[in-house]
Amino acid sequence: MHLQRIVLPSGHVTWTAYDGDAIVTEIREFVIYLEARHHAPSTVAHYARHVVRLGNYLAAMGKSFREITPLDLDCFIPGVIRHGPILDLKTALNIIPLRPEPVDVSTSLHNQILFAIKAFYTFLDMRHAALIFGAGERPRTYHPDAYKPFLAHITQRKPRRRTESRSDHQAQAASAKRAVDHRMKPEQVLKIIEAASLMRDAFLVVLLYTTGIRIGEARGLLHEDFRLEENIIWVTPRLHENKARVKYAKARPIPVLDFVMKMYEDYIASDEYLPAFEAGTSYVFCNIAKAQIGRGLSESNVYDIQKRLVRNSGIAFTWHMFRHTHASEAIAQGYSLLDVADRLGHASPQTTNAIYKHLFNAEYKKLQIKNHAEVEERLNDLRRIGLAEEKLKWL
C-alpha cells in the first residue's frame, strides 16, 4: 500500500492510497472527509501517511483494518517511531526485544500518530453506520458489526503531555511561562518594524501585531478585504495560487485603528508597490521586486522575510508570536473570552480558553501592558517625515 499525491486541474492537491493498482477506498474517502472538514493540507497528508503505514503494518500480519487489536496499536506507534518514517515491516515484526525498549519520541509525533488513527477509526465508524442505515438517516445506536469495539479501545489511548509527570499546578505554571515568553513588548515590535527595509515587510508586522491574524491569513488578503470607510479588514476563505488559507474556512471581520488603514494607503500608493499595482495584482502582500511581480507571497517568501528581520533587528521571533502578543494584550486590557475568540478566529471559545485560560485571571489583568499608542505615534512621525519630503520614504 502506498500514498500518492495528486494535483487536480483546479490546482487543489489531494492524496490517494493504492494497494497495487487498486485504490484503497477507505483511505481515499477518509481524505475526502478530512478535506470537507477543512483540515489543513499538511494535516491531511500526515494523517493519510500514518493510516497507510498502519495498513501496511496490519497487512504484514495478515490483518485488515477491522481486525486491529489493542496490542497491535501499542506495537505500531513505537515501531513507526523507532524505525523512522519509512517503516521497515520485516524488521519491526521479526525482531522481538527480550525486554521493553525505551523509545525517545517527541510528544508532538506521538500525538500526531494517535490522533490520525483515532480520526480514521471514527470515520470508519460513521461510514459503516451510514452504509447500513442510509446517508439520510441517523441511527440511535450503532450496528453490532460497526467499528465500536476497537474504536473504544483506541480512544482509551491518551495523548501524551510534556508535563504528564508533573502536578497540575506545575503544568499551569509552565503554560503561563510559555505565554509570557511568546509575548513581545511594544519596544521590541518597534525595533522589528524599523529594521524593515521594505514598507511591505513593516506593514506585515504592524498588521499581525494589531490584528492577531495568522500569517497564512495575511498572505491571502486582497485589496477588497480592506474596508477603508469602516476601518474593517475581512479575513475571507478562498482558494489561492500561493496556498494561503483561512483556518476552519471561517470568514470574520476585524476592526482596526485609523493608523493601520493610513499605513495601508501609504503602502499601496508608494513607489515600492507600483510595479505590483501595474501588474494588476489583487494581493496586498505580494512580490514587488523579484520573481513574478504581483504574485501573492508564498510560505517560503514570508519565512525569508522573517529571517531577514531577525538578522537586522537582533530580535528572535516567529510570526505566531505576534498572535500570542495580540491575544495577551487584548486579555490584559479587559476584552472577554468571546471577544478574543472572535478576533483570533478560533473554532470555539473553548479553544481560546484552553490556550489563554491562565491570562483571564484577575491577577494577570493587573499587569500594566502598553497598548498600540507608542507604535501609532512612531508610525505617524515617519509618515509626516515622508509627506514633508513630498514622497513616501520608508526609513
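Rules used throughout
Residues numbered from 1 in each chain as written. Predicted model: local features only at pLDDT ≥ 70, side-chain atom pairs only at ≥ 80, totals over all residues. Heavy atoms only, no water. Axes fitted to C-alpha atoms, helices over the stretch in contact; angles between N-to-C directions. Helix = DSSP H or I, 4+ residues; strand = E, 2+ residues; numbered from the N terminus. Parallel < 35°, antiparallel > 145°, perpendicular 65-115°, else oblique. Left-handed = near helix turned anticlockwise from the far one by under 90°. Contact = heavy atoms within 4.5 Å. Nonpolar A, V, L, I, M, F, W, Y, C, P; charged D, E, K, R; others polar. Expected span 1.5 Å × (residues − 1). Buried < 20%, exposed > 50% of the residue type's maximum accessible area, 1.4 Å probe, protein only. Core = buried A, V, L, I, M, F, W, Y, C linked by side-chain atoms within 4.5 Å.

- An unreviewed UniProt entry lists the protein under the name Tyrosine-type recombinase/integrase, with Microvirga mediterraneensis as the source organism.

**Structural notes on the packing of helix α1 (residues 25-36) against helix α2 (residues 41-60)**
And then number 1: Close contact between α1 and α2 brings their axes to 10 Å; oriented N to C, the two are set at 155°. One finds that α1 runs roughly antiparallel with respect to α2. The interaxial crossing formed by α1 with α2 has right-handed handedness. Taking contact as the criterion, the partners of Ile 27, Phe 30, Val 31, Leu 34 and Glu 35 in α1 are, on α2, Val 44, Tyr 47, Ala 48, Val 51 and Val 52.
And then number 2: Classifying every residue of the contact of α1 with α2 by side-chain character gives nine nonpolar, no polar and one charged.

**A look at α2**
And then number 1: Helix length check: α2 (20 residues) gives 29 Å between terminal C-alpha atoms against 28 Å at 1.5 Å per residue, within 8%.
And then number 2: Within α2, burial applies to Val 44, Ala 45, Tyr 47, Ala 48, His 50, Val 51, Val 52, Arg 53, Leu 54, Gly 55, Tyr 57 and Leu 58.
And then number 3: Gly 62 sits one or two residues past α2 and shows a positive phi near 75°.

**With respect to the nonpolar core**
Taken as a class, soluble globular proteins show a tendency for nonpolar side chains to be buried jointly.
And then number 1: Ranked by internal contacts, the top residues of the largest apolar core, which has 51 residues, are Phe 203, Leu 207, Phe 226, Phe 285, Trp 319 and Phe 322.
And then number 2: When contributions to this core are tallied by element, the ones reaching two or more residues are α8 (186-194), α9 (199-211), α10 (215-219), β5 (232-235), α11 (258-268), α13 (299-313), α14 (319-332) and α18 (373-388).
And then number 3: No other element matches the nine residues that α9 contributes to this core.
And then number 4: When neighbours within four sequence positions are excluded, Phe 285 is seen to be in contact with Arg 200, Phe 203, Leu 204, Leu 207, Ala 218, Arg 219, Leu 221, Tyr 267, Gly 296 and Leu 297.
And then number 5: Residues Val 31, Leu 34, Ile 113 and Phe 123 belong to the second largest nonpolar core, which totals 30 residues.

**Side note on the environment of Thr 318**
And then number 1: Here Thr 318 shows up in the loop between α13 and α14.
And then number 2: Taking relative accessible area as the criterion, Thr 318 reaches 37% and is therefore assigned partly exposed.
And then number 3: For the pair Thr 318 and Gln 306, spaced twelve residues apart in sequence, the C-alpha separation works out to 7.2 Å.

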